[in-house]
Amino acid sequence: MPESSAPTAAAKNSRNLLMRVAAAALMVPLALMFVFAGGWLWVLLVTAIAVGLFYEWHEIVNPVRNPRTFAAGVIALELIGLALWFGWGGVAWAALILGTTLIAFLATEQKCWITGGFIYAAAALIASAMVRLDGAMGFYALMFTLLVVWASDIGGYFAGRAIGGPKLWPRVSPNKTWAGSIGALILSALVAVVVAWLGWGRLVPLIVLALAMSVVAQLGDLFESAVKRRFGVKDSSQIIPGHGGLMDRLDGFVAAIVFVALIGFLRAGADGIGRGFMIW
């Protein structure tokens, strides 16, 4: 019996890997196209993604599928995206506060979880939009974030599969290993080396930032896994072949881009987030 099941498991893993590669081959160029375009196209994309993130979270944690809380969240996220594009910072923050308050009021089940999901999606939207809208430096900051997150994900996946070993946090994510985590850090650092060679910043600060972003991205991944495990869900959805849902694919990016936006904001204010993050 074990002899016959081993090839089946290997074939399943191989098919899953092929699906992941095929999905990435489609998504990565599409994402880069929107990153290069910037402007309203990027804001439109991240607004749609934020709505998708809130939908998946809402489906996971909300046993009664309350349409009123979902509708309130969608409207608030769309208002935030529109306000960010037109540069109405005050309106964006007002929509965030109003949406949070309204969802908390309308929710009849899992009030804190549903409200937290809206804040999660809104944070992803605000951080992603504000980083990219900071001109050329915003482009560099966003590209650096994407490259580090992708490298962290790839390094963790292949190092974990090839080396295995002790689990990182088996209660939350039984497949993640310490070897995978270290592989994620190493490949992220290599991205920083290449980016420094391209002249985007100084080597040592970029390596430190890349390592910190990899750690944050991995924590974002574990956080999303913890939410799913709390509600007995394996994948947030099946929208992306081989990857699950948007939350499954973007958990590390959401954590990393919020981290990047926070550093940029603290160093250069709301109008210089990209510059504040990239200039060291």
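Parameters at a glance
In this convention, every chain numbers its residues from 1, walking through the sequence in written order. Residues qualify for local features only when their pLDDT is at least 70, as the model is predicted, and side-chain atom pairs are given and counted only at 80 or more; totals for whole chains, interfaces and linings, by contrast, use all residues. To get the side-chain values, all heavy atoms of the structure are used, and hydrogens and water are removed first. In what follows, salt bridge is the name for a side-chain nitrogen of Lys or Arg lying within 4 Å of a carboxyl oxygen of Asp or Glu. For helices the rule is a DSSP run of H or I covering at least 4 residues; for strands it is a run of E covering at least 2, with both sets numbered from the N terminus onward. Whether a residue is buried, partly exposed or exposed follows from its accessible area with a 1.4 Å probe, protein chains only, as a fraction of its type maximum: under 20%, in between, or over 50%, in that order. Every axis in this analysis is a line fitted to C-alpha atoms, fitted for helices over the stretch in contact. Angles between the N-to-C directions lie between 0 and 180 degrees. Every angle not falling under 35 degrees, over 145, or within 65 to 115 is termed oblique; those three ranges are roughly parallel, roughly antiparallel and roughly perpendicular. Crossing handedness is read from the near helix: turned anticlockwise from the far helix by less than a right angle, it gives a left-handed crossing, and turned clockwise, a right-handed one. When checking whether two residues touch, look at their non-hydrogen atoms; a contact exists if any pair is within 4.5 Å. Side-chain classes are defined by residue name, with Ala, Val, Leu, Ile, Met, Phe, Trp, Tyr, Cys and Pro counting as nonpolar, Asp, Glu, Lys and Arg as charged, and the others, Gly among them, as polar.

Colleague: Give a description of the pattern of salt bridges that names residues and reports values.
Modeller: Scanning all chains against the criterion turns up 4 salt bridges. In this structure, Lys-176 and Asp-221 form a salt bridge, with 3.3 Å as the shortest nitrogen-oxygen distance. With Lys-176 in strand S2 (residues 173–177) and Asp-221 in helix H8 (residues 203–230), this pair connects stretches of sequence that are 45 residues apart. For Lys-176, a relative accessible area of 27% gives the class partly exposed. With relative accessibility at 18%, the residue Asp-221 sits in the buried group. Between Lys-228 and Asp-248 there is a salt bridge, and its shortest N-O distance comes to 2.6 Å. Remark: Asp-248 occurs in helix H9 (residues 246–268) and Lys-228 occurs in helix H8; sequence separation between them is 20 residues.

Colleague: Account for the packing of helix H2 (residues 39–61) against helix H5 (residues 111–132), with residues named and values stated.
Modeller: Look at H2 against H5: their axes get within 9 Å of each other, and the N-to-C directions meet at 165°. What the angle tells us is that H2 and H5 run roughly antiparallel. Here H2 and H5 pass one another in a crossing that is right-handed. Here Trp-42, Val-43, Val-46, Thr-47, Ala-50, Leu-53, Phe-54, Trp-57, His-58 and Val-61 of H2 come into contact with H5, specifically with Trp-113, Ile-114, Gly-116, Gly-117, Phe-118, Tyr-120, Ala-121, Ala-124, Leu-125, Ser-128, Ala-129 and Arg-132. Here the residues of the contact of H2 with H5 are counted per class, giving 16 nonpolar, 5 polar and 1 charged.

In short, the description is geometric, and any link to function would need to be established separately.
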